[in-house]
Amino acid sequence: MAGRGGQAIILLGPPGAGKGTQAQRLIETRGMVQLSTGDMLRAAVRAGTPVGLEAKAIMERGELVPDAIVSGLIDEALSRTPESVGVIFDGYPRTVAQAESLDRLLEAHGRSLARVIELEVDEETLIDRIAGRFSCAQCGAGYHDRHKRPRVAGVCDVCGGTEFRRRPDDNALTVRTRMAEYRAKTAPILPHYDERGIVARVDGMAAMEDVAQEIAALLPV
Ligand code: AMP
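Read on for an overview of the structure. (Residues numbered from 1 in each chain as written. Predicted model: local features only at pLDDT ≥ 70, side-chain atom pairs only at ≥ 80, totals over all residues. Heavy atoms only, no water.)

1. Focus on the overall build of the protein chain
Move 1: Within the protein chain, the secondary structure is distributed over nine helices and eight strands.
Move 2: Counting only C-alpha atoms, the protein chain reaches 50 × 40 × 30 Å along its principal axes.
Move 3: For the protein chain, contacts bridging at least 24 residues in sequence account for 71% of all contacts bridging at least 6.
Move 4: Once the 28 positive and 31 negative side-chain charges of the protein chain are each reduced to a mean point, those two points are 4 Å apart. (Helix = DSSP H or I, 4+ residues; strand = E, 2+ residues; numbered from the N terminus. Contact = heavy atoms within 4.5 Å. Lys, Arg positive; Asp, Glu negative; His and termini not counted. Charge placed at Lys NZ, Arg CZ, Asp CG, Glu CD.)

Spelled out as structure tokens, the structure:
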């Protein structure tokens, strides 16, 4: 059984549900690390690696990249992360096959899953959230055209950077495909974890702070 530091949790929810934001909170408050397959794939695309070349067009369409690729990325990431450090899976697993791979990977890396937290949200509101989001190109801090603009226009609150970027898949059409993929392929993994009694459902439409508090209350101390 993993100790306090080594706990593993999954944040589950459709794109824009706030998984990344909540993961950031857990990094700050608990010293956990975030393992986001989306971030890893975007880095691979930027670096032009073989994985990146294969994933690029699939991601632009909002479809899912093959299970073996993302499970391989997670395996590598777990190998790099000291066992005592807690991990947050963000955007992984996304299919039943990935959930099964994750079981094997966790066992191989001597970890156990403490919680699966599902952020429940309203899809139309999410499309609005996603379509306006952007981030600092330097430190990755997240912003939104309407809900969270930098305090000084064009300057990152966190690092002072002045360059920002938008994800090419954050447009309404691709977002709808990503939502459909979530409903068809990702939501069906919940029974896999429900059986073990480790799933908790949190209202992802609540204020960011309230969501963070609810998640904190669900995690082992
Ligand atoms: P995300 O940042 O989690 O929204 O992921 C962005 C895109 O990367 C997705 O729309 C997929 O194309 C791809 N992706 C990320 N994680 C996975 C995964 N676990 N399985 C398959 N595709 C993924």
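Having seen the model, we can carry on.
2. Some thoughts on the sheet that holds strand β1 (residues 8-12)
Move 1: Strand order in this open sheet of five strands is β2-β3-β1-β4-β8, and the pairing throughout is parallel. Lying at the two open borders of the sheet, with one neighbouring strand each, are β2 (33-36) and β8 (199-203). The mean inter-strand angle of the sheet, taken between neighbouring strand axes irrespective of direction, is 25 degrees.
Move 2: Taken together, the four bridges between β1 and strand β3 (residues 87-90) define a ladder with parallel strand orientation. Across the sheet, the residue bridging to Leu 11 is Asp 90, located in β3. (Pairing = 2+ DSSP bridges. Axes fitted to C-alpha atoms, helices over the stretch in contact; angles between N-to-C directions.)

3. Description of helix α7 (residues 172-186)
Move 1: Here α7 is 15 residues long and its end C-alpha atoms lie 20 Å apart, about the 21 Å a rise of 1.5 Å per residue gives.
Move 2: Burial in α7 covers these residues: Thr 174, Val 175, Arg 178, Met 179, Glu 181, Tyr 182 and Thr 186. Summarising the axial view, the buried residues of α7 lie within an arc of 160 degrees, below the 170-degree limit, and thus occupy one face. Exposed positions of α7 whose direction lies more than 90 degrees from the buried face are Leu 173 and Ala 184.
Move 3: Where the residues of α7 are buried, they touch β1, α3 (50-61), β4 (113-120), α6 (123-131), β5 (133-136) and α8 (190-194). (Expected span 1.5 Å × (residues − 1). Buried < 20%, exposed > 50% of the residue type's maximum accessible area, 1.4 Å probe, protein only. Arc of directions from axis to C-beta.)

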